[in-house]
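What the coordinates show
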Amino acid sequence: MIPYPSWLDAGDNAWQLVAATLVGMMSIPGIAILYGGLVQRKWVVNTMFMAFTGFSLVLVGWVLWEFKMGFGEPLNSHWPGILGAFVGRPGTIVGSASEQQQAWIPLINGTDLMPHFRFSQSTLAYFHFAFAAITPLLFMGSVIGRMNIRAWLLFVPLWSTLVYTVNAFLLWGGGWWAAQGALDYSGGYVIHLAAGTSGFVAAAVIGPRLARDRAHGVPNNLPMVAVGAGILWLGWNGFNGGDMYFGGHNAAAAVLNTNLCTAVALLVWVLWDMFAGPQRKPTFLGGINGMIVGLVAITPAAGFVTGIGAIYIGIIASSIVWLAWNYLSKVRPFNKVDDALGVVYTHGIAGLAGGLLVGIFADPAMAVYLNKDGSTAFSTSGWLYGNFDQLWKQAGSAGTIILYDAVMTFLILKGIGLFVKLRAPDAVLESGDLAVHDEEAYPAETAVASAAEPVPVAASAPAPSPQKEAVEPDSG
């Protein structure tokens, strides 16, 4: 007997599963802890709850119908233009035949675009689920502190179905923009530009937080932020290292470029804060913003550029987003929309910048796939290497994502708003977690002791005798 089919390579399969797990950890616990530390104390539980429920909702829809919408056969290839390669036909992958077959993307495999996968369809599906799951969790940061939880539970599966799958099919599933040659190595457009765009529109539609919360929206736990940010940074090795689909040379280069760009972007943001910031002081949160910008900006370019290109992307993207954060935020429409955690800047603008910069710095010497004789089978080039058209392809695909995602996010929210209030009542917003979940992240010791008191089983039953000694709350 044999442990697996001849087409499966244990190393590639293991790396894809590890990479998918790293990406999943970026969501839970990464985003849950990062955002949970950034919000006010009264919204920590709500933030973590939204992260865990969003993650779960996407997985159910992903295996039942969404995966094939993003990576399957076109819905109708006879439709004209972009509509003929816009989204895939819904279908489930649950079942032994689907889960154990060789991974397959119909519009890509069997062509000259890439080698055949050497792992199963369930591996590919889980890997891309982790990408699909983190996207709504990222733009959760735009609407935190006021979105009705019932609206969130409806919004996530609808957005994932109607928006994310289209983005994925257009650029990764062999759809229209992929066929035109647009580049998005690991989600600068599909994930981050989408998250920034949809988060900004959602924040505008739902409305702002309470004025007092906006004025005093300081992080509740910076060490918690540090842990979440660290998980995000190292988890990105799976993000960009896994999207090559094979555990080879290009995956290693993508991981190195990812970390290099991130370190440069963090330091550049800190320097901007020190020499041009409002207080002329380096801040930890500023460094975290720079880190996220670097991670996001290198994502569409990770395996297409050299280390020098990664450094340039880190410098340019961090500078652009720092300027946008400090100056663009003061003009319309940005100063009129309460994007609570600045997702439109650190993900939207950073993703757009990275996507355009790959159209400049993509180096044809960076071999993505090889021929049997060791020569380059596939690579790509940007403006600096004589391919000016690549920049226009990057701009066109970005425009499609921005326009489609903005319109669809608006329509989805307006549709949900016909049945459920999008914004929690002000009385609930005053209390936060206690009103929404009847829980607190940091309950007072008196509250803990009170909660530990025995409660009568029924009104007619005699109450148990009080304890002689109160139980001391666990201080951790």
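Below is a short write-up of the structure. Treat the numbers as computed from the prediction; the structure is a model and nothing was measured.

**Observations regarding the environment of Val156**
Summarising the element assignment, Val156 is placed in helix α5 (residues 149–171). A sequence separation of 102 residues divides Val156 from Gly54, and the C-alpha atoms of the two residues are 6.3 Å apart. Dropping the residues within four chain positions of it, Val156 is found in contact with Gly54, Leu57, Val58 and Pro136.

**Considerations on the packing of aromatic side chains**
Evaluated as defined, the whole model comprises 29 aromatic pairs. Ring geometry for Phe117 and Tyr245: centres 4.9 Å apart, planes at 80 degrees, overall edge-to-face. Residue Phe117 is found in the loop between α3 (96–100) and α4 (121–143), and its partner Tyr245 is found in the loop between α9 (222–242) and α10 (249–276); the two are separated by 128 residues along the sequence. Owing to a relative accessible area of 0%, Phe117 belongs among the buried residues under this scheme. On the numbers, 5.7 Å between centres and 70 degrees between planes, the contact of Phe139 with Phe155 is edge-to-face. Of this pair, Phe139 sits in helix α4 while Phe155 sits in helix α5, and the two are 16 residues apart along the sequence. The rings of Phe117, Phe119, Phe127, Phe131, Trp172, Trp236, Phe239 and Tyr245 are connected pair by pair, giving a single aromatic cluster.

**Remarks on the side chain of Thr409**
When you line up the elements, Thr409 lands in helix α14 (residues 389–417). In this view, Thr409 contacts Phe155, Trp159, Ser198, Val201 and Ala202; residues no more than four positions away in its chain are not counted.

**Re α4**
Note that an α-helix has 3.6 residues per turn; residues three or four places apart therefore point the same way. Counted at 1.5 Å a residue, the expected span for α4 with its 23 residues is 33 Å, and the 34 Å between its end C-alpha atoms agrees. Summarising burial for α4: 21 of the 23 residues are buried, a large majority. Among the residues trailing α4, Gly145 stands out with phi positive, at a value near 85 degrees.

Thresholds applied
- Residues numbered from 1 in each chain as written.
- Predicted model: local features only at pLDDT ≥ 70, side-chain atom pairs only at ≥ 80, totals over all residues.
- Heavy atoms only, no water.
- Helix = DSSP H or I, 4+ residues; strand = E, 2+ residues; numbered from the N terminus.
- Contact = heavy atoms within 4.5 Å.
- Phe/Tyr/Trp six-rings, centres within 6.5 Å; stacked < 30°, edge-to-face > 60°.
- Buried < 20%, exposed > 50% of the residue type's maximum accessible area, 1.4 Å probe, protein only.
- Expected span 1.5 Å × (residues − 1).

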